[in-house]
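Okay, here's what each chain looks like letter by letter:
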Amino acid sequence: NFGIGGDGIIFASKSTSADYAMRIYNADGTEPEMCGNGIRCLARFIGELEGIGGEEKSYTIETGAGDIIPVLRADSQVVVDMGMPILNGPDVPTTLAPNTDLELKDGAVKAVVNAPIEVGGQSWDVTCVSMGNPHAVVFVDDIEAAFGWVENPLSLVNCYCFGRLSWDPELTAGRCYDEWAGLTL
């Protein structure tokens, strides 16, 4: 299928407390609190609607994860400070039991780090973190091997599976597209 489509839709609307409000819906109808890439796209879209070009502009965007302030730079790139990651297992939230005590500058947390789970008959090690919405981070050599996660009750809200993004120095933008965005075609 090469028609119009996507893995979700984002709405920009009026806000009583910010410049705009963002609502995002996944393809299955669920509504996550936030989407890092989505808010960057939204900021760029708003900038284009407002005719912002060649100058820096920031927006306060109301999201389900609180106010986020993306900055549209003069070179048209968008920078978003997503804040500090939430690593405390119950606060992510996740149904997995914390298995690691971490000392952070703001205090100790009980985190879920490399916790073994079984999905689709395979064993996986997941680390749970929230950047406004819950993520289960799994490092895999082959993204195809990670399919089958949708039915796993890992998270109370949403579950995301990530492959070898930041740790692989050989990963190019083209390969990232092939492994992630290309899979939605």
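Residues numbered from 1 in each chain as written. Predicted model: local features only at pLDDT ≥ 70, side-chain atom pairs only at ≥ 80, totals over all residues. Heavy atoms only, no water.

Observations regarding the overall build of the protein chain
So, step 1. A tally of helices and strands in the protein chain yields two helices and 12 strands.
So, step 2. In the protein chain, the succession of α and β elements from N to C terminus is β-β-α-β-β-β-β-β-β-β-β-β-β-α.
So, step 3. Buried positions account for 32% of the 185 residues belonging to the protein chain.
So, step 4. A fraction of 41% describes how many contacts in the protein chain between residues 6 or more apart in sequence connect residues 24 or more apart.
So, step 5. When the accessible surface of the protein chain is split by element, carbon and sulfur atoms take 53% of a total near 11300 Å². (Helix = DSSP H or I, 4+ residues; strand = E, 2+ residues; numbered from the N terminus. Buried < 20%, exposed > 50% of the residue type's maximum accessible area, 1.4 Å probe, protein only. Contact = heavy atoms within 4.5 Å. Areas by Shrake-Rupley, 256 points an atom, 1.4 Å probe, with all protein chains shown as cover.)

Quick look at the nonpolar core
So, step 1. Formed by 14 residues in total, the largest nonpolar core has its most connected members in Met-22, Ile-39, Tyr-59 and Ile-61.
So, step 2. If you list the elements that add at least two residues to this core, you get strand S2 (20-26), helix H1 (36-49) and strand S7 (78-80).
So, step 3. Broken down by element, the residue count for this core peaks at four residues, all from H1.
So, step 4. Not counting chain neighbours up to four residues away, the residues in contact with Ile-39 comprise Met-22, Met-34, Ile-61, Thr-63, Ile-68, Pro-70 and Val-80. (Core = buried A, V, L, I, M, F, W, Y, C linked by side-chain atoms within 4.5 Å.)

Here's the deal with H1
So, step 1. Taking 1.5 Å of rise per residue, the 14 residues of H1 would be expected to cover 20 Å, and the 20 Å separating its terminal C-alpha atoms lies within 8% of that figure.
So, step 2. Listing the buried residues of H1 in full gives Gly-38, Ile-39, Leu-42, Ala-43, Ile-46 and Gly-47.
So, step 3. Tucked inside the fold, the buried residues of H1 contact strand S1 (8-13), S2, strand S4 (61-63), strand S5 (66-68), strand S6 (70-72) and S7.
So, step 4. Gly-51 sits one or two positions beyond H1 and adopts a positive phi of about 75°. (Expected span 1.5 Å × (residues − 1).)

Concerning the layout of surface pockets
So, step 1. Here the second largest pocket defines a volume of roughly 170 Å³.
So, step 2. Residues belonging to the lining of the second largest pocket are distributed by class as follows: six nonpolar, two polar and two charged. (1 Å grid on protein atoms, 1.4 Å probe; cavity = no way out; pocket = protein on both sides within 12 Å on 5 of 7 lines; lining within 4 Å. Points joined across faces, edges and corners; volume = space filled by probe spheres on them. Nonpolar A, V, L, I, M, F, W, Y, C, P; charged D, E, K, R; others polar.)

Structural notes on the sheet that holds S5
So, step 1. With mixed pairing, the four strands of this open sheet are ordered in space as S1-S2-S4-S5. On the outer flanks of this sheet lie S1 and S5, each paired with one strand and no other. Taking the axes of each pair of neighbouring strands and ignoring which way they run, one obtains an average angle of 30° across the sheet.
So, step 2. Here S2 runs beside S4; their pairing, made up of two bridges, is parallel. (Pairing = 2+ DSSP bridges. Axes fitted to C-alpha atoms, helices over the stretch in contact; angles between N-to-C directions.)

Section: the sheet that holds strand S11 (residues 122-130)
So, step 1. Pairing is antiparallel in the open sheet, where three strands are placed in the order S10-S11-S12. A single partner strand is all that each edge strand has here, and the edge strands are strand S10 (115-119) and strand S12 (134-137). Here the strands of the sheet are splayed against their neighbours by 50° on average, with no regard to which way each runs.
So, step 2. The sheet contact formed by S11 and S12 spans four bridges and is antiparallel. Opposite Cys-128, over in S12, you have Ala-136 as the bridge partner.

Honestly, that's just the spatial picture; any functional story needs more than this.
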